[in-house]
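Each chain is listed here by its residues.
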Amino acid sequence: MIDSSLKDIAAALRDRKVSAVELATESLARIDAGNPKINAFVTTDRDGALAAARAADERLAAGQGGPLTGIPLAHKDVFCTEGVLTTCGSKMLANFVSPYDAHVVSLLKAAGAVMVGKTNMDEFAMGSSNENSHFGPTRNPWNAGKVPGGSSGGSAAAVAARLVPIATGTDTGGSIRQPAALCGITGIKPTYGTVSRYGMIAYASSLDQGGAFARSAEDCAVLLSAMAGHDPRDSTSLERDSEDFGRECTPADAQPLAGLRIGLPKEFFAEGMEGDVRAAVDAALAEYRKLGATTVEVSLPNARLAIPAYYVIAPAEASSNLSRFDGVRYGHRAAEYGDLNDMYCKSRAQGFGGEVKRRILVGTYVLSHGYYDAYYIKAQKLRRLIANDFAAAFEQCDVIAGPVSPTVAFGIGEKSDDPVQMYLSDIYTIAVNLAGLPALSHPAGFGTGNLPVGLQLIGNYFDEARLLGTAHRFQQTTDWHLRVPAGF
Amino acid sequence: MSLSLDEVRHIAKLARLELAEGDLAATQAKLNGIFGLIEEMQAVDTDGVEPMSHPQELAQRLREDRVTESDRRAAYQSVAPQTESGLYLVPKVIE
């Protein structure tokens, strides 16, 4: 039953053909069988899941269920969950049992969704391969020797392996879209400010945004609709009414996308994309034309500066955010130390992994006396230029399409010693975060080694429903999103 | 631009990260690789461009000055490495 659409699962629950307890039990059994192969979960919460499932069953029996009542789900371990271990993939928080729920977690609990566990991730969401986890790398369900992408690699792998039908993630520079692409599922990052950051452990606050993973765009819409909404506890949360992001996921007629103009940034198609990715992206675009869309070339001349600007802004904000880990109020404290300063230095050196330390050092440097204007302000100016490029492009098109990642999933260990090579794998995703736009990745075929390729759709601000509706029409006539890796 | 070993030591100190002498050179090499990437920014003229910190240009919201949270000290201190009588314990800082 887990490998069904949310609509079908919800209907079965409503008709009492399956109970929430049976679904949670099925998901937990699939995790027991599948997780040893992919290490997608850091924590499973069997007792909590069964208790939540029993409550969901009572609600359903009373006829008070919603679209997510009784649906098993997993949270990326960046979201605080009251009474459940919340590690953020770090030794620093290896024993942290959160005393409160993130806003997203509260909303999904209230919707009756059943959390079965917490998923593995790059430490503090810093990474593109899930190899930077204190709990070992997550493996790609399509090939256990390959990475699932990152930083939300555990959530993407869990959905790809059908251990859960839906999972949450966060995307600061591509951390939902890239793992969705590499694992062959659908993932969406909404407009910055749509999903509350309260209780979502901070990495780079001006870029971090929560989002959704599922098999299909239609299912992503159901999850995202339940996650979004204004929260006064997040100062950057937008004061907008909640909306049904699935409202354009309607049945398709022959030319359902007639009139839709898809912009293709020439910079994304110039060089750098591997041939197998290019072939799948081109085939997906041909399918979109068959559905009635037209394509038009657009330009994002400053997109090449997105990576350098990101690696100033994100580390600067990270160095500030992660200063809270001081070994005093929560998190790891060194066993032996001298004075207070020595306690800070040793606790942080032991609690953080290599990539986190590097980003803290880069951030500390660019924010240090005399360098602020040359780095942080300069990067924020580039951010403006990048956002302006998108604004100009959206005068010529309704959505922008392109690759998500220049390659299919790469090998575990292949890039882990070279930070700069790893950073370049996010070349097509980072500009979207700097501009704060919504974007999704949906399965578009397979490349070398039978590994999935994703197509990225970028929308204008608040165009999530159009993005999801567009991807839904594609998924009505293709079946890439229904493929399941062998052995799951 | 490249960082000297002394600069690496200095920023590690500012960041409160103990860095073993033996790891300094490797850290320096990786940081300099990252700064090489970052330097590409400087090639673009950004004179007169307004820095962008938030895509929606929000103003900081204010709230009414009233108590909204209850006392959850025991729950929050339950995750602290060391507490006593409701206080966080740290090494002695004042002789």
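Above this text is the structure in question.
Remember, it's a predicted structure, so these values are computed and weren't measured experimentally. (Residues numbered from 1 in each chain as written. Chains lettered and ligands numbered in written order. Predicted model: local features only at pLDDT ≥ 70, side-chain atom pairs only at ≥ 80, totals over all residues.)

*Asks:* Just checking my understanding: could you explain the overall build of chain A for this structure?
*Replies:* Looking only at helices and strands, chain A has 16 helices and 11 strands in total. Its C-alpha atoms put chain A at 70 × 55 × 45 Å along the principal axes. By residue count, 64% of the 488 residues in chain A fall in the buried class. (Helix = DSSP H or I, 4+ residues; strand = E, 2+ residues; numbered from the N terminus. Buried ≥ 20, exposed ≤ 12 C-beta atoms within 10 Å, placed from the backbone.)

*Asks:* Quick question: what am I supposed to make of the interface of chain B and chain A here?
*Replies:* How big an interface is tends to be stated in terms of accessible area lost as the parts join. Each side of the interface is counted separately: chain B has 40 residues, and chain A has 54 residues. Secondary-structure elements contributing two or more residues to the side of chain B that touches chain A are helix H1 (5-14), helix H2 (24-38) and helix H3 (73-77) of chain B. With six residues, H2 of chain B is the largest single contributor of residues to the side of chain B that touches chain A. (Contact = placed C-beta atoms within 7 Å.)

*Asks:* How do you make sense of the pairing of strand S11 (residues 451-459) of chain A when you look at a structure like this?
*Replies:* Taken residue by residue, a regular strand's side chains alternate between the two faces of the sheet. Residues and elements named next belong to chain A. With nine of its nine residues buried, S11 lies for the most part within the structure. Two elements, strand S10 (residues 439-447) and S11, share eight bridges in a ladder whose sense is antiparallel. Directly across from Gly445, in S11, lies its bridge partner Val453. Taking the residues between adjacent antiparallel strands as the criterion, S10 and S11 are bridged by three residues, where Gly449 takes a positive phi near 75°. (Pairing = 2+ DSSP bridges.)

*Asks:* Would you explain the environment of Val8 of chain B in this entry?
*Replies:* Residue and element names in this part refer to chain B. Residue position: Val8 is located in helix H1. Overall, the presence of 21 C-beta atoms within 10 Å leaves Val8 in the buried class. Each C-alpha atom of the pair Val8 and Ser85 lies 40 Å from the other, and the pair is 77 residues apart in sequence. Sequence-distant contacts of Val8, that is, excluding residues within four places in its chain, are made with Leu3, Leu24, Thr27, Gln28 and Leu31.

*Asks:* What is the right way to look at the packing of helix H10 (residues 306-321) of chain A against helix H12 (residues 354-366) of chain A in this model?
*Replies:* The description of two packed helices rests on the angle between their axes and on the distance between the axes. Residue and element names in this part refer to chain A. Contact geometry for H10 and H12: axes closest at 7 Å, N-to-C directions at 95°. Of the possible angle classes, the one that applies to H10 and H12 is roughly perpendicular. From H10, Tyr311, Val312, Pro315, Ala316, Ala318 and Ser319 reach across to H12, where they touch Arg359, Ile360, Val362, Gly363, Thr364 and Val366. Counted by class, the contact of H10 with H12 contains eight nonpolar, three polar and one charged residues. (Axes fitted to C-alpha atoms, helices over the stretch in contact; angles between N-to-C directions. Parallel < 35°, antiparallel > 145°, perpendicular 65-115°, else oblique. Nonpolar A, V, L, I, M, F, W, Y, C, P; charged D, E, K, R; others polar.)

*Asks:* What is the right way to look at the sheet that holds strand S1 (residues 41-44) of chain A in this model?
*Replies:* Adjacent strands of a sheet pair through backbone hydrogen bonds, lying either parallel or antiparallel. Residue and element names in this part refer to chain A. With respect to topology, 11 strands assemble into an open sheet ordered S1-S3-S2-S4-S6-S5-S10-S11-S9-S7-S8, the strand pairing being mixed. Both outer strands of the open sheet, S1 and strand S8 (294-298), are each paired with one neighbouring strand and no more. Averaged over neighbouring strand pairs, the angle between their axes works out to 30° when direction is ignored. Sheet topology note: the S1/strand S3 (residues 114-119) ladder contains three bridges and is antiparallel. Across the sheet, Thr44 pairs through a bridge with Gly117, a residue of S3. Contacting strand S7 (261-265), S8, strand S9 (399-403), S10 and S11, helix H9 (residues 275-290) crosses the sheet at an angle of about 115° to S10.

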